[in-house]
Amino acid sequence: MKTYKTSVLVSMMLGIFSTTAFSATVPAGTTLSETQIFRQNTHSDPGSLDPQLVQENTAAQIVIDLFEGLIWLDENGQVQPAQAEKWTVSDDGKIYTFSLRDAKWSDGTPVTAQDFVLGWQRAVDPKFGSPNASYLSKAHVLNTEDVMQGKQPISALGIKAINDKQLEIKLTQATPYFLQLLAYPTTFPVPHHKLAQFGDKWATPQNIVSNGAYKLKQWTINEKITAERNPFYWNDKKTLINTSEYLFQESLASAYQRYQAKELDLTWIPVEQIPHIQKNTPSALLVVPRLTTEFYTFNVAKPPFDNEKVRKALYLTLDRPLIAEHIIGLRKPAATLTPPEVDGFTAPNIAELNQPLTDRVKQAKKLLNDAGYNEKHPLQFEIFYNKYATHEKVALALASEWKKQLGADVKLRTMEWKTYLGERNMGNFQLSRMSIDAEYNEPSAFLNSLVSTSPENVGHWKNEKFDQIMKEAQSTLNDKTRAELYRQAELIIAEEAPLIPIFYSPLIKVINPAVGGFPMHNPQDYVYTKELYIRK
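Residues numbered from 1 in each chain as written. Predicted model: local features only at pLDDT ≥ 70, side-chain atom pairs only at ≥ 80, totals over all residues. Heavy atoms only, no water.

Draft legend 1. Spatial organisation of the overall build of the protein. The helix and strand inventory of the protein stands at 16 helices and 24 strands. Relative to the globule expectation of 24 Å for 536 residues, the C-alpha radius of gyration of the protein, 23 Å, shows essentially globular dimensions. Overall, the C-alpha framework of the protein stretches about 70 × 55 × 40 Å when taken along its three principal axes. Sorting the 536 residues of the protein into buried and exposed places 58% on the buried side. Considering only contacts within the protein whose residues lie at least 6 apart along the sequence, 71% involve residues at least 24 apart. For the protein, the computed accessible surface area is about 21800 Å², with 50% contributed by carbon and sulfur atoms. If you average the places of the 57 positive and of the 59 negative side-chain charges in the protein, the two averages end up 1 Å apart. (Helix = DSSP H or I, 4+ residues; strand = E, 2+ residues; numbered from the N terminus. Rg over C-alpha atoms; globule rule 2.2 N^0.38 Å. Buried < 20%, exposed > 50% of the residue type's maximum accessible area, 1.4 Å probe, protein only. Contact = heavy atoms within 4.5 Å. Areas by Shrake-Rupley, 256 points an atom, 1.4 Å probe, with all protein chains shown as cover. Lys, Arg positive; Asp, Glu negative; His and termini not counted. Charge placed at Lys NZ, Arg CZ, Asp CG, Glu CD.)

Draft legend 2. Spotlight on the nonpolar core. Residues Phe98, Phe178, Ile383 and Trp402 are the most contacted members of the largest nonpolar core, which totals 148 residues. At seven residues, the largest contribution of residues to this core is made by helix α12 (residues 389–406). If sequence neighbours within four positions are ignored, tryptophan 402 has contacts with Leu314, Thr317, Leu318, Phe381, Ile383, Gly407, Ala408, Val410, Leu431 and Ile500. Counting residues in hydrophobic clusters, the runner-up holds 12 residues, among them Leu247, Tyr259, Ala284 and Val510. (Core = buried A, V, L, I, M, F, W, Y, C linked by side-chain atoms within 4.5 Å.)

Draft legend 3. Local environment of the sheet that holds strand β16 (residues 292–298). Read across the sheet, six strands follow the order β17-β21-β16-β20-β18-β19 without closing on themselves; strand pairing throughout is mixed. This sheet does not close on itself; its edge strands, each paired only once, are β17 (332–333) and β19 (409–415). Alignment of β17 against strand β21 (residues 499–504), held across two bridges, turns out to be antiparallel. Each bridged residue has a counterpart across the sheet, and for lysine 332 the counterpart in β21 is tyrosine 504. Its contacts with the sheet place helix α13 (residues 417–425) against β18 (380–386), β19 and β20 (431–437), and it is angled at close to 105 degrees to β20. (Pairing = 2+ DSSP bridges. Axes fitted to C-alpha atoms, helices over the stretch in contact; angles between N-to-C directions.)

Draft legend 4. Region of interest: the packing of aromatic side chains. The full count for this structure, using the stated rule, is 17 aromatic pairs. When the ring of tryptophan 72 is compared with that of tyrosine 528, the centres are 5.3 Å apart and the planes differ by 80 degrees; the resulting orientation is edge-to-face. Note that tryptophan 72 is positioned in strand β5 (residues 71–73) and tyrosine 528 in the loop between β23 (515–516) and β24 (533–534), a separation of 456 residues in sequence. Each of the two residues, tryptophan 72 as well as tyrosine 528, counts as buried. Ring pairing ties together the aromatic residues Trp87, Tyr96, Phe98 and Phe178, which thus form one cluster. Taking the ring centre of tryptophan 234 as reference, the NZ or CZ of arginine 101 above it sits at 3.7 Å. For the cation-ring pair, lysine 530 lies above tryptophan 72, with the distance from its terminal atom to the ring centre recorded as 3.7 Å. (Phe/Tyr/Trp six-rings, centres within 6.5 Å; stacked < 30°, edge-to-face > 60°. Lys NZ or Arg CZ within 6 Å of the ring centre and 35° of its normal.)

Draft legend 5. Structural view of the packing of helix α9 (residues 308–317) against helix α11 (residues 357–370). Between α9 and α11, the shortest axis-to-axis distance is 8 Å and the interhelical angle comes to 165 degrees. When the interaxial angle is binned, α9 and α11 end up roughly antiparallel. Note on packing geometry: the crossing formed by α9 with α11 is left-handed. When α9 is examined against α11, the residues Lys309, Val310, Lys312, Ala313, Leu316 and Thr317 are found in contact with a partner set consisting of Leu357, Arg360, Val361, Gln363, Ala364, Leu367, Leu368 and Asp370. The class makeup of the residues in the contact of α9 with α11 is eight nonpolar, two polar and four charged. (Parallel < 35°, antiparallel > 145°, perpendicular 65-115°, else oblique. Left-handed = near helix turned anticlockwise from the far one by under 90°. Nonpolar A, V, L, I, M, F, W, Y, C, P; charged D, E, K, R; others polar.)

Draft legend 6. Main features of helix α2 (residues 113–124). Spanning 12 residues, α2 covers 18 Å between terminal C-alpha atoms, matching the ideal 16 Å at 1.5 Å per step. Summarising burial for α2: 10 of the 12 residues are buried, a large majority. Among all positions of α2, only Ala113, Asp115, Phe116, Val117, Gly119, Trp120, Gln121, Arg122, Ala123 and Val124 are buried. (Expected span 1.5 Å × (residues − 1).)

Draft legend 7. Spotlight on the pattern of salt bridges. Within the structure shown, the criterion is met by 24 salt bridges. The shortest N-O distance in the salt bridge between glutamate 484 and arginine 487 comes to 3.0 Å. Within this pair, glutamate 484 and its partner arginine 487 are both found in helix α16 (residues 479–496), separated by three residues, close to a single helical turn. Taken together, the shared-partner salt bridges connect Asp50, Arg122 and Asp200 into one network. (Salt bridge = Lys/Arg side-chain N within 4 Å of Asp/Glu carboxyl O.)

Draft legend 8. α16, seen in detail. Here α16 is 18 residues long and its end C-alpha atoms lie 26 Å apart, about the 26 Å a rise of 1.5 Å per residue gives. Residues of α16 that are buried include every one of Arg482, Ala483, Leu485, Tyr486, Ala489, Glu490, Ile492, Ile493, Ala494 and Glu496, and no others. At its buried positions, α16 is contacted by α9, α14 (444–447), α15 (464–475) and β21. Its side-chain oxygen 3.0 Å from the backbone nitrogen of lysine 480, asparagine 478 forms the N-cap of α16. Positive backbone phi, at 50 degrees, marks alanine 497, one or two positions downstream of α16. (Polar contact = N/O pair within 3.5 Å; in protein donor to acceptor, adjacent residues only side chain to side chain.)

Draft legend 9. Broad picture of the environment of glutamate 464. Looking at the secondary structure, you find glutamate 464 in helix α15. Relative accessible area serves as the criterion here: at 75%, glutamate 464 is assigned to the exposed category. Glutamate 464 sits 363 residues away from arginine 101 along the chain, and the two C-alpha atoms are 45 Å apart.

Draft legend 10. The confidence of the model for the protein, seen in detail. Of all residues in the protein, 96% have pLDDT values of 70 or greater, and the mean over the chain is 93. Every residue in residues 5–19 is under pLDDT 50, and counting partners more than four places away or in other chains gives 42 contacts. (pLDDT = per-residue confidence, 0-100.)

Next comes the structure, spelled out in structure tokens:
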């Protein structure tokens, strides 16, 4: 049995070596501003602050400030204790026992182990319908799949409260990245007393309580959310930012104008502004490595992309360096769905993508001709993406390239974020823009999205060999064997082209230089406001 305490976390088996670092750490000699307010652009209204309803990172950014799970990830992406102050792991790596600290909800009610049990059970309850229901299956929590499919009751899920302060979690197999997974909102607790009183409406503005460093103050729909420090937070004394504002600004140009007017401290920026910022205010430009892949996925259940030859033709003729390095800039062309920097991944050499574009175009034209498409009968399809300046540029570039190289007739369709998500999840598209921001640092964070049973597989691609490879990769304890299996999985993707990787994207934003404590080495893009401070 291995034990992990607040003072030092050491795990040879899990590969974690880190020392404790909690809340804002201010360098000696720093003069703080009297006004500790942090304002960031989170792009769009989250729709819900219920942790088990979060399905994308802009909403997660708000939720990780309001709520807290068993652990959090520090500025280097390392696991640190949060609501759990220590834990033990069985020798076979399948049973975790967490000891909770004396924490409270924002109304003063104690946080209990049962609050975590309720949160996890809601996540997989088919009656609740969490958009991220498959998350716990990635962690190999016992009976997750059976509960999701209604074969067993939610009480059969591998999590139980030993008592109010001890929580036991059972896995079907040792999972090296299990602790990292606990940083995502799907694994956060829900207040048992509020859930009993209001049911699934407990997270509405008038009912919500939270256990994180902040609590909800005001929510103006489609405009902004304002949160204030939670005086019941266990580490509130070390929190410095008093008020955190999350503005919903989808227009990058408008967001940048608000940044220049000192109405925002952190925001994404228009691509065309990057050279100007690099020249005039380089200290304000953030370019932080991140585990993110931008890609387009085919709906293989609908023509023309039910034909592998058609998919492969588009896959081959995309000029990735042109889009990544020139049209968008500061991105890295992607040959695989999994970024090469991900732990435990050895990227395969996709030989055909190393061929000159002219050769690839010839091969693509032959594939289209074999599929029945030519000058008299051109390929016609629609590109679907959410409204956002960068996505607009990529979509226009794709349409232009495929028109130029293949004579394709390409139409564009765009929607606001929440409407786009609904349409995409229902499969109402032919070729849709997507991205994956890794929830943990391991290849399966990307590759699991293509497993045939995954809810994330909105393109409906199915490959038995791919599924088997992923199953074997998840069950082996040999790192070299697992890396080889992931390499094989990527080769299958390259062969059948269920999607087109376009580029790997770092975090690119501008930040108010007065903001201190921003994490520069967390590749999973977790930014906790409790760790920040404002200099004078």
